[in-house]
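Descriptive analysis of the structure
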Amino acid sequence: MARDGHVVPADPGASVVAKMKGQWARSWMSIDCTGERIGLDVDKYAIMRRVHIHARDLRILDPLLSYPSTILGRDKAIVLNLEHIKAIITAEEVLLRDPTDQNVIPVIEELQRRLPPVNAIHQGQGSGKKYPGGQNDVEAGEEDESPFEFRALEVALEAICSFLAARTMELESAAYPALDELTSKISSRNLDRVRKLKSSMTRLTARVQKVRDELEQLLDDDDDMADLYLSRKLASASSPVSGSGPANWFSASPTIGSKISRASRASLATVRGDENDVEELEMLLEAYFMQIDATLNKLTTLREYIDDTEDYINIQLDNHRNQLIQLELFLSSGTVCLSLYSLVAAIFGMNIPYTWNNNHGYMFKWVIIVAGLCSAFLFVIIISYARGKGLVGS
């Protein structure tokens, strides 16, 4: 408390907490099953209460933390972390993190496009009005019988697979010409260019591999896939056969009747049969698994091309190195041969009195001839030995 007119200083940690809270606030966008989007000015605790998930699940979506690609199924939500797409999918809505991101905006638009208003669909069944795309409302309503969470998951998977495929195509369009230019001319500029492209390829391959591993792990576990059937859980909880009434948060939803009648017809039929039937989701995941696997194969092919280029460059460098060794060997052989002439000149040029060269002028000529023959013979022996060892070409 402030006493005697003194002001109590503000807590310095309070501003930090308020700032962190402000970072979480106004960073979510809700898109319901009718395609209507609403910006949410809430903190992380309100998000946790809204979708009924734990803090450790919400921590996966924190942009300040680095988590691998993850698709987690919870009781009433799907926690989705795929590269820049960080979302929480429920049976009624999709909560997207960082809706102002330029890579997230196309996902929002695609979600709205694939989620026509429910009222328009019901009215169209009697009137037969058409969407701008030219299809009847009846056809639009019956076009996709998948549950809402699967359609939202499909949009996210399609967006991330298309994003990684586009990055791979950009890398290929830049890498192949650079590699061809490097094979034709080995220079510091070309080597540095290929080095940067190889680093980009390594990072992109790791990102694609994480997404592929997550889809593969999800496909290998039927229980994990069964946890993603949110509409089936919702229909099972609200069905009289289940013996228990719907949850409190479920009964408060104004769109639950239309959602069950439209988006969960297939799931409701599955509830009455085999609750562990995951064929629909398995087909969906396999389609995008094949797409992301094809992207990974392209990156693998690019890596092999880079490795082949490196091997070719190493062969060229070895060839140039052998040529330098050959040149050095020729120069060394010539130096040894010329040293014989230097030896003769040094012997005859010494200032030492001797009598054997008197009246024997021809001796110097014969010595020069013999030294030349010995030098030539020695040069031939050195070159023959070098060829036998493979140091020079034939």
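See above for the structure.
So, a few notes on the structure that sits alongside this text. What you are looking at is a predicted structure, and each value in this text was computed from that prediction instead of being measured.

Moving on: the pattern of salt bridges. Where charged atoms from two side chains of opposite charge approach closely, those side chains can pair. A complete count under the given rule lists 17 salt bridges for this structure. A salt bridge links Arg 207 to Glu 83, with the nearest nitrogen and oxygen atoms 3.0 Å apart. Pair noted here: Arg 207 is in helix H8 (residues 188-220) and Glu 83 is in the loop between strand E4 (78-82) and strand E5 (85-89), with a separation of 124 residues, a long-range link. Residue Glu 154 is joined to Arg 114 by a salt bridge in which the shortest nitrogen-to-oxygen separation is 4.0 Å. In this pair, Glu 154 is assigned in helix H7 (residues 148-184) and Arg 114 in helix H4 (residues 105-114), connecting sequence segments 40 residues apart. Counted as one network, the salt bridges with shared partners bring together Glu 110, Arg 113, Arg 114, Glu 154 and Glu 158.

Moving on, we get to the nonpolar core. Counting 61 residues, the largest nonpolar core has Ile 71, Leu 153, Leu 281 and Leu 285 as the members making the most contacts within it. It is H7 that provides the largest number of residues to this core, a total of 16 residues. Non-local contacts of Ile 71, meaning those with residues more than four positions away in its chain, are made with Ile 78, Val 79, Leu 80, Leu 82, Leu 153, Leu 157, Glu 214, Leu 215, Leu 218 and Leu 228. By size, the runner-up hydrophobic cluster in this structure holds twelve residues, among which are Ile 47, Leu 58, Leu 61 and Val 79.

Before going further, it helps to spend a moment on the packing of H7 against H8. Any two packed helices are characterised by the angle at which their axes cross and by the distance between the axes. One way to put it is that H7 packs onto H8 with a least axis distance of 10 Å and a crossing angle of 155°. Relative to H8, H7 is oriented roughly antiparallel. Where H7 crosses over H8, the two elements pack in a sense that is left-handed. When the residues that make up the contact of H7 with H8 are grouped by side-chain class, the tally is 17 nonpolar, three polar and five charged.

What counts, and at which threshold
- Residues numbered from 1 in each chain as written.
- Predicted model: local features only at pLDDT ≥ 70, side-chain atom pairs only at ≥ 80, totals over all residues.
- Heavy atoms only, no water.
- Salt bridge = Lys/Arg side-chain N within 4 Å of Asp/Glu carboxyl O.
- Helix = DSSP H or I, 4+ residues; strand = E, 2+ residues; numbered from the N terminus.
- Core = buried A, V, L, I, M, F, W, Y, C linked by side-chain atoms within 4.5 Å.
- Buried < 20%, exposed > 50% of the residue type's maximum accessible area, 1.4 Å probe, protein only.
- Contact = heavy atoms within 4.5 Å.
- Axes fitted to C-alpha atoms, helices over the stretch in contact; angles between N-to-C directions.
- Parallel < 35°, antiparallel > 145°, perpendicular 65-115°, else oblique.
- Left-handed = near helix turned anticlockwise from the far one by under 90°.
- Nonpolar A, V, L, I, M, F, W, Y, C, P; charged D, E, K, R; others polar.

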